[in-house]
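Next come the chains, spelled out residue by residue.
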Amino acid sequence: MLNIPRVTENGRLGPVNSAVVPRYSGAPTFALLPRLDEVEGTGRTADVKVVGVPFDSGVSYRPGARFGPGHVRQSSRLLRPYNPATDTSPFAQVQVADAGDLAVNPFNIHEAIEAIQADAMELTEDGASLMTLGGDHTIALPLLRAASQRAGAPVALLHFDAHLDTWDTYFGAEYTHGTPFRRAVEEGILDTEAISHVGTRGPLYGRKDLEEDRRFGFGIMTSSDVYRLGVDEIVARLRDRVAGRPLYISVDIDVLDPAHAPGTGTPEAGGMTSRELLEILRGLRGLEVVGADVVEVSPAYDHAELTGIAAAHVAYDLIGLLGERA
């Protein structure tokens with residue numbers, strides 16, 4: 001096995017040293033980070049584990065998110081160790097490693113959900129946090145189950161998405177990418193005093209959709225709210241709602257306008273810019289973020305890696321938030 005030169009800082013094994021090895025070569029781990037087995041082989045433990053869930057059997061329109069984890073990893077090659085926007089080095093403040101992909105059944109949603117939950121519990125058994133790359137939004141439910149179980153209480157949720165994802169069923173199916181947060185409320189794994197959608201927009205089936213969503217306890221900050229109120233006001237309101245609770249952050253990449261993220265399954269016009277999304281996430285520093293995901297990247301509809309690059313940068317900033325807790 002070749003001795004791969006890596007950036008090391010604070011005793012942490014970091015990404016491949018791109019001043020020595022070209023970024024376009026080598027294994028396509030997230031941000032060229034070491035694999036989990038490489039970290040564990042040195043006697044270290046990983047504080048944050050990047051894991052892919054290549055699953056899209058819950059989609060209702062365009063498929064392809066099963067290829068999202070690999071695409072986001074490929075698009076993350078240009079990420080660098082130091083983040084000047086937050087004056088932090090996410091891969092030096094904690095040990096981050098790529099744990100690879102979970103193997104889940106693409107033909108049985110119920111079995112897949114159970115497997116994702118079990119694997120998430122196993123991966124966090126040592127106290128690590130998960131940065132999950134989807135996959136469609138169905139995977140948020142088992143990840144929230146695991147996060148709540150680890151926290152020992154219902155968790156707060158910030159859900160960045162063009163859509164509510166609190167519908168009841170699709171074609172009689174209770175578990176799809178449009179239903180995970182309704183199921184999560186019903187299961188009592190969300191703190192309903194601290195849950196919010198951010199970036200929602202577009203047509204709905206009817207006014208009842210919003211009425212039911214409010215009944216579940218969700219607050220809504222639409223993409224128009226972000227535009228009119230500005231990032232700082234949005235951040236202040238979200239921080240006030242979440243307070244000091246354990247927080248899970250779920251990002252559907254379609255929260256971004258199709259101009260910024262065309263490679264997704266259910267695009268909606270009028271979305272947030274990648275700059276707005278990143279600035280909101282950076283405004284959440286200091287909160288107790290216990291888990292995060294970036295989902296619904298469908299590379300077949302992407303152009304010039306626009307969506308993959310956006311998703312990679314979102315995951316990078318989320319790793320920074322997760323690292324503050326570790």
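Bear in mind the structure is a predicted one, so any value in this text is a computation, not a measurement. (Residues numbered from 1 in each chain as written. Predicted model: local features only at pLDDT ≥ 70, side-chain atom pairs only at ≥ 80, totals over all residues. Heavy atoms only, no water.)

Q: What is the right way to look at the packing of aromatic side chains in this model?
A: Aromatic ring pairs are described here by two measures, namely the spacing of the ring centres and the angle between the planes. One pass over the full model with this rule turns up three aromatic pairs. Look at Phe91 and Tyr316: their rings are 5.7 Å apart centre to centre, the planes differ by 65 degrees, and that puts the pair in the edge-to-face class. Separated by 225 residues along the polypeptide, Phe91 in helix 3 (residues 90-93) and Tyr316 in helix 11 (residues 306-325) bring together distant segments of the chain. What makes Phe91 buried here is its relative accessible area of 4%. Relative to Tyr170, the ring of Trp167 lies with its centre 6.4 Å away and its plane at 65 degrees, an arrangement referred to as edge-to-face. Comparing Trp167 with Tyr170 shows no difference in burial state: the two are buried. Each residue in the set Trp167, Tyr170 and Tyr205 is aromatic and connected to the rest through ring pairs, giving one cluster. Positioned above the aromatic ring of Tyr301 is the side chain of Arg62, whose terminal nitrogen or guanidinium carbon lies 3.9 Å from the ring centre. (Phe/Tyr/Trp six-rings, centres within 6.5 Å; stacked < 30°, edge-to-face > 60°. Helix = DSSP H or I, 4+ residues; strand = E, 2+ residues; numbered from the N terminus. Buried < 20%, exposed > 50% of the residue type's maximum accessible area, 1.4 Å probe, protein only. Lys NZ or Arg CZ within 6 Å of the ring centre and 35° of its normal.)

Q: Explanation requested: the pattern of salt bridges in the structure shown.
A: Oppositely charged side chains may form a pair once their charged atoms are brought near each other. The final tally for this structure, using the stated rule, is 20 salt bridges. Ionic pairing is found between Asp37 and Arg35, a salt bridge with its closest N-O pair at 2.9 Å. Judged by its relative accessible area of 32%, Arg35 falls in the partly exposed class. In this structure, the salt-bridge partner of Asp101 is Arg73, at a minimum N-O distance of 2.8 Å. Note that Asp101 is positioned in strand 4 (residues 96-101) and Arg73 in helix 2 (residues 68-75), a separation of 28 residues in sequence. Residue classification places Asp101 among the partly exposed positions, given a relative accessible area of 43%. Connected via shared salt-bridge partners are Asp168, Arg182, Arg183, Glu186, Lys208 and Glu212. (Salt bridge = Lys/Arg side-chain N within 4 Å of Asp/Glu carboxyl O.)

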